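Read off the chains here:
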Amino acid sequence: MTVHFIGAGPGAPDLITVRGLRLIEACPVCLYAGSLVPEEVVKAAPEGARVVDTAPLTLDQIIGEIVDAHEKGLSVARVHSGDPSLYGATAEQMRRLDALEIPYDVTPGVPAFAAAAAALKTELTVPKICQSVVLTRTAMKSSSMPEGEELSTLGQSGATLAIHLSIRNIPHIQRELTPLAAYGPDCPAIVAYRVGWPDEAFIRGTLSDIHQKVRAAKLTRTALIFVGRALGAKDFIDSKLYDADHVHILRPKRGQTA
């Protein structure tokens, strides 16, 4: 018996990994976060499987389901949205399983920021403009942010920011980032709503007007906020990767052999 933590991806059922899908197909118990994971994904569970939406459950109740399956020798597909390593509350579940000596493994999934960038046809790291991506969130009703992880601090880097769980906190994002030289009021900002779902939507703007646009669209949840100069950048140099003058082991200088 093993508990398989599975990243289901951002929403589109065909963005789950082959490994993740095969595990769901094989497990007689499937626990999934129904508010974020499409039901179509867990329909792959075998006939007669116990399929439970954990959205209304507490941590104790979720662990209770796993313990019950463990006692029966039944493997569990524990399906989370996106990738389990990001804002999935998997660490607390794993800590409980460690204490109970219940074996588990993790199958990665397509994270929302990567799926959003793909849908936008945007590279988040552009030469000489931005070579880093910061995945973060802001504090609202959830746990507070650790000291040193405030947007005003992270924003000193000028990185592309992928801000999770913060769609109702945009005024705070504006206050933190607008004064920074790397961003400013005209810095591009994009809100990606329900990436991979049929009602997927993107709102483009700047730090100065993105809040107004989001309010007009009446978005209140399930959205990711991008801020950074790399978004939609046009005037940038080509990378060295495919430069004819850039020599490396797979493309040696003419007249030389690798």
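Residues numbered from 1 in each chain as written. Predicted model: local features only at pLDDT ≥ 70, side-chain atom pairs only at ≥ 80, totals over all residues. Heavy atoms only, no water.

- Where an unreviewed UniProt entry is consulted, the chain appears under the name Precorrin-4/cobalt-precorrin-4 C11-methyltransferase, with the organism given as Fulvimarina manganoxydans.
- According to its UniProt record, the chain has this under Pathway (unreviewed entry): "Cofactor biosynthesis; adenosylcobalamin biosynthesis."
- Its UniProt record gives the chain the following Sequence similarities (unreviewed entry) comment, quoted word for word: "Belongs to the precorrin methyltransferase family." (UniProt positions renumbered as here; feature names shortened; annotations may be inferred.)

**Brief notes about the overall build of the chain**
Inference 1: For the chain, the count of helices and strands is 8 helices and 10 strands.
Inference 2: Principal axes of the C-alpha set define a box for the chain whose edges measure 60 × 55 × 35 Å.
Inference 3: Taking contacts inside the chain between residues at least 6 apart in sequence as the whole, the part at least 24 apart equals 68%.
Inference 4: Carbon together with sulfur atoms contributes 52% to the accessible area of the chain, which is approximately 14200 Å² in total.
Inference 5: One finds the centroid of the 26 positive side-chain charges in the chain at a distance of 6 Å from the centroid of its 28 negative side-chain charges. (Helix = DSSP H or I, 4+ residues; strand = E, 2+ residues; numbered from the N terminus. Contact = heavy atoms within 4.5 Å. Areas by Shrake-Rupley, 256 points an atom, 1.4 Å probe, with all protein chains shown as cover. Lys, Arg positive; Asp, Glu negative; His and termini not counted. Charge placed at Lys NZ, Arg CZ, Asp CG, Glu CD.)

**What to know about the packing of helix α3 (residues 59-71) against helix α4 (residues 90-100)**
Inference 1: Where α3 contacts α4, the two axes come as close as 11 Å, and the packing angle between them is 45 degrees. Considering their axes alone, α3 and α4 lie oblique with respect to each other. Crossing of α3 over α4 shows right-handed handedness. The residues of α4 that touch α3, namely those facing Leu59, Asp60, Ile62, Ile63, Ile66 and Val67, are Glu92, Gln93, Arg96, Leu97 and Leu100. (Axes fitted to C-alpha atoms, helices over the stretch in contact; angles between N-to-C directions. Parallel < 35°, antiparallel > 145°, perpendicular 65-115°, else oblique. Left-handed = near helix turned anticlockwise from the far one by under 90°.)

**Digging into the sheet that holds strand β4 (residues 76-80)**
For sheets, the rule is that strands pair by backbone hydrogen bonds, running either parallel or antiparallel.
Inference 1: Spatially, the 5 strands line up as an open sheet ordered β3-β2-β4-β1-β5, and their pairing is parallel. One side of each edge strand has no neighbouring strand; the edge strands of this open sheet are β3 (50-53) and β5 (104-107). On average, each strand axis in the sheet is inclined to that of its neighbour by 15 degrees, with strand direction left out of account.
Inference 2: Bridge count for strand β1 (residues 3-7) against β5 is 4 bridges, and the pairing is parallel. Residue pairing for β5: His4 is matched across the bridge by Asp105.
Inference 3: Packing of helix α1 (residues 18-26) onto the sheet brings it into contact with β1, β4 and β5, and relative to β1 it is tilted by some 135 degrees.
Inference 4: Where α3 meets the sheet, it contacts β1, β2 (29-32), β3 and β4, and its direction lies at approximately 170 degrees from that of β2. (Pairing = 2+ DSSP bridges.)

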